[in-house]
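Listed below are the residues making up each chain.
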Amino acid sequence: FVVLYIGKLDSDSTLFRTMDAARRLLQTPSIGLLVVGEGSRKQEFMERAKILHIEQQVIFKSNDGNNVNYMQAADVLVLADTSNESEEVVMKSAAAGLPMILARTALRDDLFTDQQDAFLCDPEDTVDFSQKLTKFINTNSLRVQFAENARDVVLTRIEESPEMYQLAYRDSVEAALNVAYKEPEEGEGTQQNQGG
């Protein structure tokens, strides 16, 4: 059974949450975690796998841009990332028929119904990710259901309205930019913005 994580292994990566959520299950030799990505924190994540005693079950691969093969070979994508890049990973995974356990975003809430097309979790809730991953592994019918439903949702919605997808994607980008822009204001006051 292969759990997949795809993303940049940088300071914004939530791979630690995926590892923590899966660590109990990764004590089972037949379950593995495949991490596809590169970044400044890769070594740190490799060390975390050792600390959690799951290094034998975690495989790190470079992102060569052709992730469809990994998506088709894996059993579930577990992704707590909410970045723009992660939205693209979600779309491709759904189109490839890969069942998913995801952090909620506006776009994902719009596209997917929790427990029908995918499992949606609070981005910070490691326990929820862990519980849903355990439920997913133990319920074969969910795997089939999520794979078919998520693929249908994405393909139908994009076929119906490519503009809808583009607008949803744009909205998620704008939301991310607004958050990035507002954070310094809260911490540092508004003096920087008065020069206009």
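In the block above lies the structure referred to throughout.
Residues numbered from 1 in each chain as written. Predicted model: local features only at pLDDT ≥ 70, side-chain atom pairs only at ≥ 80, totals over all residues. Heavy atoms only, no water.

Time to look at the overall build of the chain. Each helix and strand counted, the chain has eight helices and six strands in total. For the chain, the α and β elements follow one another from N to C terminus as β-α-β-α-β-α-β-α-β-α-β-α-α-α. Long-range contacts, defined here as pairs at least 24 residues apart, represent 67% of the contacts in the chain between residues at least 6 apart. When the accessible area of the chain is evaluated, it comes to approximately 10400 Å², of which 48% is carbon and sulfur surface. (Helix = DSSP H or I, 4+ residues; strand = E, 2+ residues; numbered from the N terminus. Contact = heavy atoms within 4.5 Å. Areas by Shrake-Rupley, 256 points an atom, 1.4 Å probe, with all protein chains shown as cover.)

All right, on to unusual backbone geometry then. Across residues other than glycine, the phi torsion is negative in most instances, and most of the peptide bonds are trans. With a phi angle near 60°, His53 is a residue other than glycine that sits in the positive phi range. Tracing the backbone shows His53 in the loop between helix H2 (42-51) and strand E3 (58-61). Accessibility expressed as a relative area gives 63% for His53, which makes it exposed. Look at Gln115: it is not a glycine, yet its phi comes out positive at around 70°. Assessed through its relative accessible area of 41%, Gln115 is described here as partly exposed. (Buried < 20%, exposed > 50% of the residue type's maximum accessible area, 1.4 Å probe, protein only.)

With that settled, the discussion passes to the packing of helix H1 (residues 15-22) against H2. Describing two packed helices takes the angle between their axes plus the distance from one axis to the other. Taken N-terminus to C-terminus, the directions of H1 and H2 make an angle of 15°; their axes are 11 Å apart at the nearest point. Of the possible angle classes, the one that applies to H1 and H2 is roughly parallel. Seen from above, H1 lies across H2 with right-handed handedness. Listed contacts from H2 to Leu15, Phe16, Met19 and Asp20 of H1 are Phe45, Arg48 and Ala49. Of the residues assigned to the contact of H1 with H2, the class counts are five nonpolar, no polar and two charged. (Axes fitted to C-alpha atoms, helices over the stretch in contact; angles between N-to-C directions. Parallel < 35°, antiparallel > 145°, perpendicular 65-115°, else oblique. Left-handed = near helix turned anticlockwise from the far one by under 90°. Nonpolar A, V, L, I, M, F, W, Y, C, P; charged D, E, K, R; others polar.)

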